[in-house]
Amino acid sequence: MPILQSVGQWWLPVAISQHAVAYDVQFTRTLVVAAIIFIAAQSALVAIVWRFRDRGTAASKIETSQSSRLEFYWTTATAIVFLGLLALGGRIWAGVQFTAAPAGAEKIEVLGKQFAWSFRYAGPDGRFGRTNIRFVNDAAGNSFGLDPDDPSGKDDIVSATLHVPSGRSVELTLTSQDVIHSFFVRELRMKQDLVPGMRIPIHFLANIPGTYEIPCAELCGLGHSQMHTTMIVMPPDAYDRWKREWEQAQ
Amino acid sequence: MVGLQYFWLSLVAVIVGMALSLLMRFHLVNPDAKIPWFETVWPAGAPGGVMTPELYLSLMTMHGTIMVFFVLSVTPQSAFGNYFLPLQIGARGMAFPILTSVSFWATAVSFVVMMAAFIVPGGAPLSGWTAYPPLSAVGGVSGPGEGMGQTLWLCSIAILCIGSTLGAVNFIATTLDLRGPGVTMMRMPLTCWSWFVTAILSLMGFPVLLAAGVLLLLDRSAGTSFFVPGGLLVSDHVIAREGGSPLLWQYLFWFFGHPEVYIAILPGMGLTSEIISTFSRKTIFGRTAMIFATFSIGFLGLLVWGHHMFTSGMSPYSSIAFAVLSMTIGVPSAVKTFNWLGTLWGGRIRVTTAMLFALGFVSVFVTGGLSGMFLAQPVLDLYFHDTYFVLAHFHLIMGVAALFGIFAAVFYWFPRMFGRMLNETLGKIHFFATLVGVYALFLPMHVVGIAGNPRRYADFTNFEFLTPLLPLHQFMTWAAFLTVSAQIVFFANLILTILRGPEAGTNPWRAETLEWTDGAALRSGNSAARSGVSAGFLAVVAAVSMLFAAFSSAYVVRHGISSDWTTVPFPPTVWAGAAILLLGSVMVELGYMNAAAGLGVLFALAQLWGWQKLIQSGVSMASSPAAAFFYVMSGAFLISVVGGVVALLRHPRAAYFWHYLSGLWIYLLGLFYFWN
């Protein structure tokens, strides 16, 4: 790939949800503060060393005058800047972490295992079937271990890619069968570990249809860097059509 | 001298760690390269000379482990601290010379055990220096290196924890009890303050890591499930465990892991202050503020471990608390930077190599700290967690800053340690090449992190979004080679100077701290009257308490989430044990030390007998978590009692430790009995 084309990719990717847009604002804010401090501190360091470089013979140490007023000012100022930044970002955190998914959100289960992703949809009956690791058979497509005796599992859809509708809330329930994995969609600015023994919910609302890569973001073994799939955000009607086709195929 | 032994050990370790990093950087940009000697060294890890992902991950694990545990926490504290703390406070030596040797040899043995992980079948572990279970807990089924390699890794860490804890006890006792006349706490050099606070952090952290490591070892070998949940299927193997919590490991690990950052960097901060003062010909600006800043950084550092867990599934409400505390650490850190600038201001600055590295320390400390401002915000961390942005952050603030502190220490103290002056021209070449190298390496690393590049990837070939980042990775690999090449200049300087460097005078920098001036006079007047015993025992009590606090919190958490908790019928010997210990306390108070020691032996025998009864009735570690905790905690207690008996026979002051043990046993019985 030509280098100039690459340079365009050296930053945050497109933001496809409201949360991601708010995220970028907070990121930029923090970046501006960091850049100002960086330039100020580094140039002050160089400038002071240059300005007070020794030209004569070094004498014995002189007593430095102390200033508690200065200490007080810069302690307070940094506290205000740092905690202020945090407070500004707190709302965005609360927005995604403290609120439950709205009623009617599309419910999808996410399963991680060494080294593949699986996604499960409830099917027309709206109920997820029972699972048990006894029934797990990756070769036969039963990565979740759906219990064949449970009728509510008959119509469950299991997919290796994540399909979601745009403009509609989606609630994912994350779980792992073996070790810790982490679900990361850069364009959503979200990441959540999949912890075996836990079922962790997250929710989002993607607005921009497209195909987005999902890397595993928690070291899970030798195939960690190959644990790849995609999230396909589809317009709602295309999404409904996709689900129907799956249902008919089963 | 033990300080020097530590120094040479960490020098070996840093060479290994550096070599591993070059192999990694090379592989990342040449994932398909066939290098014949790879196959010679790692027949299984590099068939045909092509490095496999598992080999890459094991190199990565070992790089992190070696750098953190055998370089960053050894050189600044154990090497320079053991050497210079007594000299700077006018003491004749460390408080407990035997302890000094024991802690060094524990560290050395630990290093050998760690290196052995390379040569066992399956190779070194691949679970990273954080060793998160279940990956690290279920054995070879989860990956190569997770068998014997991971076991050796854990054994090595456990040994290191013991060595580091004993070292910390020694530092604290020396600082509190052995200061020469006139050396008050507030007049101690800031280096001593930072070693002191670092020792407190080690004393708080390492016992907790030890507890976690022991529990993980048992999960691997004794069939317990502290960290392994039920219903696991790892590469088609059903793991027959129930009810453990992977997050419990993360809490315990990071309770140690975050203070570890400050263990690495606080000594560098202290030394930077002293060096800037010496070479500006000015006393330190805001000296008292600096002491308070050091203390508050250490204190806050103990309370922020949760910021490593924002994406772990931990409660989002606790994230807020951890975030506030983490951001607050920025305040004393900024105060330090302001005070360094304040010290420089109006000085007559001599730019020696030692001074350059101290100034470089300030520079990378600021740069590395600023990325912390992003990561401390939970919402921003949702994106940056486990990306190269985090790598850039901690390599700068923990790795490079601490290394600059180490280099400053070497150049500054070399005349005092070896009587010779390191070459300043080579020193300056080394400094500027390293400075350019690390910025060229780590600034672009932020950028790939902003693009979302996950860390701990063995190659970047499976994701479209990683392809455009490859030019940056190539650049970083070149920068890594430049940085490492610059270190050759340093090693050459070191060797040439030791062989035939110019002689140094007694005080070449015209410093004013005691290691250069008239410390000897002070030391001769410092008799054995102050023996370091009382503060030492307090420190031991604190360390043992941290160990049991870690076990207790694991107990409470594991009990709280448990689906498989069954009560254990305790053998009656546990109650008899309480009576024996209390009787021992009475004996101690009456002055019959030998009788108390005898009762200690009786306690040990009774407990062994009780265990035997319990095992005979079919209760093993694997029976239930309650049984596992009973064996682990009473076992750890038994070891403490043995220590207590030895102490009783050697030091009359060990009486207090004996009372402490009695209290601890009653606390444990209460925990088992009422929280069952």
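Residues numbered from 1 in each chain as written. Chains lettered and ligands numbered in written order. Predicted model: local features only at pLDDT ≥ 70, side-chain atom pairs only at ≥ 80, totals over all residues. Heavy atoms only, no water.

J.: What is the right way to read the overall build of chain A from this model?
T.: If you tally the helices and strands in chain A, you get four helices and 10 strands. The N-to-C order of helical and strand elements in chain A reads α-α-α-β-β-β-β-β-β-β-β-β-β-α. Compactness check: chain A gives a C-alpha radius of gyration of 26 Å against a globular reference of 18 Å for 250 residues, more than 25% above the reference. Its C-alpha atoms give chain A principal-axis dimensions of roughly 90 × 45 × 35 Å. Classification of the 250 residues of chain A by burial places 52% in the buried group. Taking contacts inside chain A between residues at least 6 apart in sequence as the whole, the part at least 24 apart equals 69%. (Helix = DSSP H or I, 4+ residues; strand = E, 2+ residues; numbered from the N terminus. Rg over C-alpha atoms; globule rule 2.2 N^0.38 Å. Buried < 20%, exposed > 50% of the residue type's maximum accessible area, 1.4 Å probe, protein only. Contact = heavy atoms within 4.5 Å.)

J.: How do you make sense of the sheet that holds strand β1 (residues 106–113) of chain A when you look at a structure like this?
T.: Sheet strands pair by backbone hydrogen bonding; their relative direction is either parallel or antiparallel. Residue and element names in this part refer to chain A. In spatial order, the strands read β3-β2-β1-β5-β8; together these five strands make up an open sheet with mixed pairing. Looking along the sheet, the strands with just one partner apiece sit at the ends: β3 (157–159) and β8 (200–204). Between one strand axis and the next, the sheet turns by 25° as a mean value, whatever way the strands run. Relative to strand β5 (residues 170–176), β1 is paired through seven bridges, and the arrangement is parallel. Its bridge partner lying in β5, Ile108 is registered against Leu172. Helix α4 (residues 236–249) rests against β1, β2 (116–121) and β3 of the sheet, and its axis sits at about 110° to β3. (Pairing = 2+ DSSP bridges. Axes fitted to C-alpha atoms, helices over the stretch in contact; angles between N-to-C directions.)

J.: How should I be thinking about the sheet that holds strand β9 (residues 210–215) of chain A in this particular structure?
T.: Residues and elements named next belong to chain A. Pairing is mixed in the open sheet, where three strands are placed in the order β4-β10-β9. Looking at the sheet topology across the chains shown, the edges are occupied by β4 (162–165) and β9. Mean inter-strand twist for the sheet, computed between neighbouring axes without regard to direction, equals 25°. Running over the sheet, α4 touches β4 and β10 (228–234) and is turned about 135° from β4.

J.: What exactly am I supposed to notice about the packing of helix α8 (residues 246–280) of chain B against helix α10 (residues 316–344) of chain B here?
T.: The description of two helices packed together rests on the angle between their axes and the distance between the axes. Residue and element names in this part refer to chain B. As a packed pair, α8 and α10 sit with axes 9 Å apart at the nearest point and diverge in direction by 20°. Between α8 and α10, the angle falls in the class roughly parallel. The two elements α8 and α10 cross, and the hand of that crossing is left-handed. Contact residues: Tyr262, Met269, Thr272, Ser273, Ile276, Ser277 and Ser280 in α8; Ile329, Lys336, Trp340, Thr343 and Leu344 in α10. Grouping the amino acids of the contact of α8 with α10 by side-chain chemistry returns six nonpolar, five polar and one charged. (Parallel < 35°, antiparallel > 145°, perpendicular 65-115°, else oblique. Left-handed = near helix turned anticlockwise from the far one by under 90°. Nonpolar A, V, L, I, M, F, W, Y, C, P; charged D, E, K, R; others polar.)

J.: I would appreciate a short explanation of the packing of aromatic side chains in the present structure.
T.: In this description, an aromatic ring pair is defined by two values, namely the gap between the centres and the angle between the planes. For the coordinates displayed, the defined rule picks out 84 aromatic pairs over all chains. Between B:Phe80 and B:Trp413, the aromatic rings sit 5.8 Å apart at their centres with planes inclined by 40°, giving tilted as the arrangement. A residue pair is termed long-range when its members are at least 10 positions apart, and B:Phe80 in helix α4 (residues 74–89) and B:Trp413 in helix α13 (residues 388–418) qualify at 333 residues. The class of B:Trp413 is buried, set by a relative accessible area of 1%. Above the face of the A:Trp50 ring, A:Arg53 is positioned so that its terminal group lies 3.9 Å from the ring centre. In this arrangement the basic side chain of A:Arg120 is found over the ring face of A:Phe144, its NZ or CZ atom lying 5.1 Å from the centre. (Phe/Tyr/Trp six-rings, centres within 6.5 Å; stacked < 30°, edge-to-face > 60°. Lys NZ or Arg CZ within 6 Å of the ring centre and 35° of its normal.)

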